[in-house]
Amino acid sequence: MRCELLHERSPVHLRMVQVPALNTPQFGWSRDRMDKRPQPVPPIFQPEVAARAIVWASEHHRKEVYVGRSTVLAIVGDKLASAAADRSLARTGYSAQLTSEPDDNGRPDNLLEPVDADCDNGMHGRFDAEASDGDAETWFVTHRHLATAAAAGAGAAAATWLARRR
């Protein structure tokens, strides 16, 4: 699609925002057949983290944005050692998406009709206590020029200090 838009000289720009596990209500009303209640695979982030990254990506010319260390590790790990990453997730991924709370599987779900048709339950799920409001990786992605300048300044200061020490 990106190539077609470029070919047509379209003013539309595509951005891909790769997000981590988010604390959304889906884990409270999606149908499942597990014996334990579902959860996003930790670390869990608040939905606002993804929203800020999506807005930032829409305002900047970045083809792809990774949100959260867990997203970076998952994508890079898959690119470097896909089979090993799959085996690791086979061992840990199943249980990581379940809480220790039993699931009666009798609760309302949104498979055939919306659970919140009569009310808006908001964008947060039930994992506020575990969810983070941000992380360093996303800050560095959205402030890369500042981070690069700070690193260059620190490098220049260290080089000056070493040169004077001799």
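For the structure itself, consult the block above.
Residues numbered from 1 in each chain as written. Predicted model: local features only at pLDDT ≥ 70, side-chain atom pairs only at ≥ 80, totals over all residues. Heavy atoms only, no water.

**Focus: the overall build of the protein chain**
Turning to step 1, where the next piece is worked out: Regarding its fold elements, the protein chain presents 7 helices and 6 strands.
Turning to step 2, where the next piece is worked out: For 166 residues, the compact-globule formula gives about 15 Å, and the C-alpha radius of gyration of the protein chain, at 21 Å, lies well above that figure.
Turning to step 3, where the next piece is worked out: For the protein chain, the C-alpha atoms occupy an extent of roughly 75 × 45 × 35 Å along the three principal directions.
Turning to step 4, where the next piece is worked out: Burial analysis of the protein chain (166 residues in total) assigns 25% to the buried set.
Turning to step 5, where the next piece is worked out: For the protein chain, the proportion of contacts with a sequence separation of at least 24, taken over those separated by at least 6, is 80%.
Turning to step 6, where the next piece is worked out: For the protein chain, the computed accessible surface area is about 11,700 Å², with 58% contributed by carbon and sulfur atoms.
Turning to step 7, where the next piece is worked out: Between the averaged position of the 20 positive side-chain charges in the protein chain and that of its 22 negative side-chain charges there is a distance of 14 Å. (Helix = DSSP H or I, 4+ residues; strand = E, 2+ residues; numbered from the N terminus. Rg over C-alpha atoms; globule rule 2.2 N^0.38 Å. Buried < 20%, exposed > 50% of the residue type's maximum accessible area, 1.4 Å probe, protein only. Contact = heavy atoms within 4.5 Å. Areas by Shrake-Rupley, 256 points an atom, 1.4 Å probe, with all protein chains shown as cover. Lys, Arg positive; Asp, Glu negative; His and termini not counted. Charge placed at Lys NZ, Arg CZ, Asp CG, Glu CD.)

**Overview of the layout of surface pockets**
Turning to step 1, where the next piece is worked out: Empty space within the largest pocket amounts to approximately 380 Å³.
Turning to step 2, where the next piece is worked out: Taken together, 19 residues make up the lining of the largest pocket; nearest its centre are Ser-70, Thr-71, Leu-73, Ala-74 and Leu-89.
Turning to step 3, where the next piece is worked out: At 7 residues, the largest contribution of residues to the lining of the largest pocket is made by helix 4 (residues 69-80).
Turning to step 4, where the next piece is worked out: Here the lining of the largest pocket is built from residues that sort into 11 nonpolar, 6 polar and 2 charged. (1 Å grid on protein atoms, 1.4 Å probe; cavity = no way out; pocket = protein on both sides within 12 Å on 5 of 7 lines; lining within 4 Å. Points joined across faces, edges and corners; volume = space filled by probe spheres on them. Nonpolar A, V, L, I, M, F, W, Y, C, P; charged D, E, K, R; others polar.)

**Remarks on the nonpolar core**
Within soluble globular proteins, side chains that are nonpolar tend to cluster in buried spots.
Turning to step 1, where the next piece is worked out: If you look at the biggest cluster of nonpolar residues, it comprises 11 residues: Val-17, Leu-22, Phe-45, Val-49, Ala-50, Ala-53, Trp-56, Ala-57, Val-65, Val-67 and Val-141.
Turning to step 2, where the next piece is worked out: With 5 residues, helix 3 (residues 47-59) is the single largest residue contributor to this core.
Turning to step 3, where the next piece is worked out: Ignoring any residue separated from it by four or fewer positions in sequence, one finds Val-17 in contact with Ala-53, Ile-54, Ala-57, Val-65 and Val-67. (Core = buried A, V, L, I, M, F, W, Y, C linked by side-chain atoms within 4.5 Å.)

**Let's talk about the pattern of salt bridges**
Turning to step 1, where the next piece is worked out: For the structure on display, the rule yields 6 salt bridges.
Turning to step 2, where the next piece is worked out: The closest approach of N and O atoms between Asp-32 and Arg-107, which form a salt bridge, is 2.6 Å. Of this pair, Asp-32 sits in the loop between helix 2 (26-29) and strand 3 (36-38) while Arg-107 sits in the loop between strand 6 (98-102) and helix 6 (136-142), and the two are 75 residues apart along the sequence. For the pair formed by Asp-32 and Arg-107, the shared burial category is buried.
Turning to step 3, where the next piece is worked out: Sharing partners across several salt bridges, the network here consists of Asp-32, Asp-103 and Arg-107. (Salt bridge = Lys/Arg side-chain N within 4 Å of Asp/Glu carboxyl O.)

**Let's talk about unusual backbone geometry**
Turning to step 1, where the next piece is worked out: Omega for the bond connecting Pro-42 with Pro-43 falls within 30 degrees of zero, at 5°, which places this linkage in the cis form.
Turning to step 2, where the next piece is worked out: Relative to the assigned elements, Pro-43 resides in the loop between strand 3 and strand 4 (44-45).
Turning to step 3, where the next piece is worked out: Look at Arg-9: it is not a glycine, yet its phi comes out positive at around 55°.
Turning to step 4, where the next piece is worked out: Along the chain, Arg-9 turns up in the loop between helix 1 (2-7) and strand 1 (16-18).

**Section: the environment of Gln-26**
Turning to step 1, where the next piece is worked out: With respect to the element layout, Gln-26 can be found in helix 2.
Turning to step 2, where the next piece is worked out: Counting along the chain gives 14 residues from Gln-26 to Pro-40, while the straight-line C-alpha distance between them is 9.4 Å.

**Examining the packing of aromatic side chains**
Geometry of an aromatic ring pair is reported as the spacing of the ring centres plus the angle between the planes.
Turning to step 1, where the next piece is worked out: A complete count under the given rule lists 2 aromatic pairs for this structure.
Turning to step 2, where the next piece is worked out: Where Phe-27 meets Phe-127, the ring centres are 6.4 Å apart and the plane angle is 85°; that geometry is what we call edge-to-face. Remark: Phe-127 occurs in the loop between strand 6 and helix 6 and Phe-27 occurs in helix 2; sequence separation between them is 100 residues. Both residues of the pair, Phe-27 and Phe-127, count as buried. (Phe/Tyr/Trp six-rings, centres within 6.5 Å; stacked < 30°, edge-to-face > 60°.)

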